[in-house]
Amino acid sequence: MNRRHWLGAASAWAAAWPLAGRAQSTASSSSFAQPAEPAAAALDAPAVPDPPPGRLSFAEPPRPARMRVSPDRIVDITVCTRPFRAQGPRIEAQRLHGKTIVHHYGHGGAGWSLSWGSASLGALPLILATGARRIAVIGCGAVGLTTARVAQRAGLKVRIYCRERPPEVASTFATGMWSPDSRIVTREHATPAFNAMWERMARHSFRAWQDLLGLNGSPVEWRDGYVLSDTPFGQPLPNANANAHGSAAEPDYPHLLDLIPDLHPRSTPLTPAQHPFPVPHARRFTEMTFNIRPYQRMLIEDFFREGGEILTREFTDPRELAALPERTIVNCTGYGARALFKDESLIPVRGQIARLVPQPEVDYMLAWRGHNLMVVPRRDGLLIQAQGEHDFNNPDRGIDRAMSEAAIARLATLFA
């Protein structure tokens, strides 16, 4: 079986996690909770025997609320380009035009997830080695903002130069799901040294994200979700390419999540009576998600509170950096580094997301294996992501509404 990610982060939910068993193969007859019903409505399930005298029984988890999905509920469609490098992120220092440039970019689909560990364990030691007390950060996306905050916590004065600010930056348009292994490196470049560094960064980031739980705006939340499949988990999909990201041109990726099995609960197999979806196989999982817009606002407010500055400026040639007053410059331009620093190793990976009207009662994620469909509920709406056949190595940021509407149509069949 080709074990490439079949929906990006969806491999983190089923393929990479130990399987505790398999669901039955008959269709489900359970029903969805309607939006007007109490969130704690009981899930239809087989009868269970009475508990022994003196012992309380536990109710089944509440049944999931029905998603209201139709094209007329689309409020926004966004496209971004993930900055993928086969070798993994570029984290190194370079002397150029009288400056020390600390490169920190190329995180693929793991920018938000790895940002704290990558900045703290990768970029910060290189920054501190220069002895500078004032630094510049180029870029105001996920990696740029986080690197700036990490530098401030280390006692440095930081100024950000950027062409775009949130919410215009590309990382605003991510799904906002914990996916530290998403398009971070190819299998042939996953050396023992890289894997060890990745594990350290992932664990550091995970700890940092846990410290943000419970804050105003809910920048981080843990959510349950369902992985659905027409074929038993562990068996190949009928379409040889269906478990990839959507393109046969994509490379093989390593199973890095095997290095951090203790950082997420194991998924649980469900019988057809334990879920309402019209598919024969399902698993329930629990994963961390990010509400990106309030989180970005929090980062910027904290950055300003500690004396940070943001200046709007676009650079088209590295020689322009020589005019900056800072002698240490951290390059967090993401895919922009391809043009600015002529880094041809950067490969654009197109990603399109449709955002539907928010449904507060929908508090679960959903992935349908082999159907190119992933749904993440956030405070700003239901995010529906689908991969296009030619997304890999595609810099086009034009919106393909038909692709999103097709994904919504597939999703609607689960709630018919």
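The sections below set out a description of the structure shown in this document. (Residues numbered from 1 in each chain as written. Predicted model: local features only at pLDDT ≥ 70, side-chain atom pairs only at ≥ 80, totals over all residues. Heavy atoms only, no water.)

Thoughts on the packing of helix α1 (residues 111-129) against helix α2 (residues 142-153)
- Between α1 and α2, the least distance of the axes is 8 Å, while the angle of their chain directions is 50°. By the criterion of interaxial angle, the relationship of α1 to α2 is oblique. The way α1 lies across α2 gives a crossing that is right-handed. Across the interface between the two elements, Gly111, Trp112, Ser115, Trp116, Ala119, Ser120, Leu124 and Ile127 from α1 touch Ala142, Val143, Thr146, Thr147, Arg149, Val150, Ala151 and Arg153 from α2.
- Considered class by class, the residues forming the contact of α1 with α2 number 9 nonpolar, 5 polar and 2 charged. (Axes fitted to C-alpha atoms, helices over the stretch in contact; angles between N-to-C directions. Helix = DSSP H or I, 4+ residues; strand = E, 2+ residues; numbered from the N terminus. Parallel < 35°, antiparallel > 145°, perpendicular 65-115°, else oblique. Left-handed = near helix turned anticlockwise from the far one by under 90°. Contact = heavy atoms within 4.5 Å. Nonpolar A, V, L, I, M, F, W, Y, C, P; charged D, E, K, R; others polar.)

Let's talk about the pairing of strand β3 (residues 99-105)
- Within β3, 7 of the 7 residues are buried, which leaves it mostly tucked inside the rest of the structure.
- The two faces of β3 match: Lys99, Ile101, His103 and Tyr105 on one face and Thr100, Val102 and His104 on the other face are all buried.
- The sheet contact formed by strand β2 (residues 90-96) and β3 spans 7 bridges and is antiparallel. The residue bridging Ile91 from the neighbouring strand is His104, located in β3.
- Hairpin remark: β2 followed by β3, antiparallel, with 2 residues in the connecting loop; positive phi at His97, about 55°.
- As paired elements, β3 and strand β10 (residues 328-331) share 4 bridges and run parallel to each other. Opposite Val102, over in β10, you have Val330 as the bridge partner. (Buried < 20%, exposed > 50% of the residue type's maximum accessible area, 1.4 Å probe, protein only. Pairing = 2+ DSSP bridges.)

Some points on the environment of Arg401
- Take Arg401: it is sitting in helix α6 (residues 401-412).
- On the basis of relative accessibility, which here comes to 40%, the residue Arg401 falls in the partly exposed class.
- Once the C-alpha coordinates of Arg401 and Thr78 are considered, the two residues, 323 residues apart in sequence, prove to be 9.9 Å apart.
- Leave out the neighbours within four places in its chain, and Arg401 touches Pro71, Ile74, Ile77 and Gln352.

Details of the packing of aromatic side chains
- One pass over the structure, following the stated rule, counts 13 aromatic pairs.
- Through pairs of rings, three or more aromatic residues link up here, namely Trp112, Trp209, Phe290 and Tyr295.
- The lysine or arginine in question, Arg283, covers the ring of Phe233, its NZ or CZ lying 6.0 Å from the ring centre. (Phe/Tyr/Trp six-rings, centres within 6.5 Å; stacked < 30°, edge-to-face > 60°. Lys NZ or Arg CZ within 6 Å of the ring centre and 35° of its normal.)

Regarding the nonpolar core
- The biggest cluster of nonpolar side chains holds 51 residues, and the ones touching the most others in it are Ile135, Ile160, Trp198 and Trp209.
- Every element with two or more residues in this core is listed here: α1, β4 (134-138), α2, β5 (157-162), α3 (192-210), β8 (281-290) and α4 (292-305).
- With residues near it in sequence (within four places) discarded, Ile135 still touches Ile127, Ala151, Leu156, Lys157, Val158, Arg159, Glu326, Thr328 and Val330. (Core = buried A, V, L, I, M, F, W, Y, C linked by side-chain atoms within 4.5 Å.)

Comments concerning the environment of Ser267
- With respect to the element layout, Ser267 can be found in the loop between β6 (220-229) and β7 (268-270).
- Separated by 20 residues in the primary sequence, Ser267 and Glu287 have C-alpha atoms spaced 9.7 Å apart.
- One polar contact links Ser267 to Arg283, side chain to side chain, over a distance of 2.9 Å. (Polar contact = N/O pair within 3.5 Å; in protein donor to acceptor, adjacent residues only side chain to side chain.)

Points about the packing of α2 against α4
- Interhelical geometry of α2 versus α4 gives an angle of 35° and a closest axis separation of 10 Å. Seen along the crossing, α2 lies across α4 with a hand that is left-handed. Residue-level contacts link Leu145, Thr146, Ala148, Arg149 and Gln152 of α2 to Tyr295, Leu299, Ile300, Asp302 and Phe303 of α4.
- Taken together, the residues of the contact of α2 with α4 sort by class into 6 nonpolar, 2 polar and 2 charged.

Examining the sheet that holds β6
- Pairing is mixed across the open sheet formed by 8 strands, whose spatial order is β1-β11-β14-β13-β12-β6-β8-β7. Looking at the sheet topology across the chains shown, the edges are occupied by β1 (74-85) and β7. Across the sheet, the axes of successive neighbouring strands diverge by a mean angle of 25°, strand direction being ignored.
- Looking at chain direction, strand β11 (residues 346-356) and strand β14 (residues 381-386) are connected through 5 bridges and run antiparallel. The residue bridging Ile353 from the neighbouring strand is Gln385, located in β14.
- Of the strands in this sheet, β6 and β8 touch α3, which is tilted by about 75° from β8.

Examining the pattern of salt bridges
- Under the criterion given, the structure shown has 21 salt bridges.
- Between Asp76 and Arg355 there is a salt bridge, with the nearest N and O atoms lying 3.3 Å from each other. Highlighted residues: Asp76 in strand β1 and Arg355 in strand β11, separated in sequence by 279 residues.
- The buried category is assigned to Arg355, whose relative accessible area is 18%. (Salt bridge = Lys/Arg side-chain N within 4 Å of Asp/Glu carboxyl O.)

Some thoughts on the sheet that holds β10
- As summarised here, the arrangement of the 6 strands in space is β2-β3-β10-β4-β5-β9, forming an open sheet in which the pairing is mixed. One side of each edge strand has no neighbouring strand; the edge strands of this open sheet are β2 and β9 (309-312). Adjacent strand axes in the sheet meet at a mean angle of 20° when their direction is disregarded.
- On the sheet, α4 packs against β5 and β9 and is oriented at approximately 110° with respect to β9.

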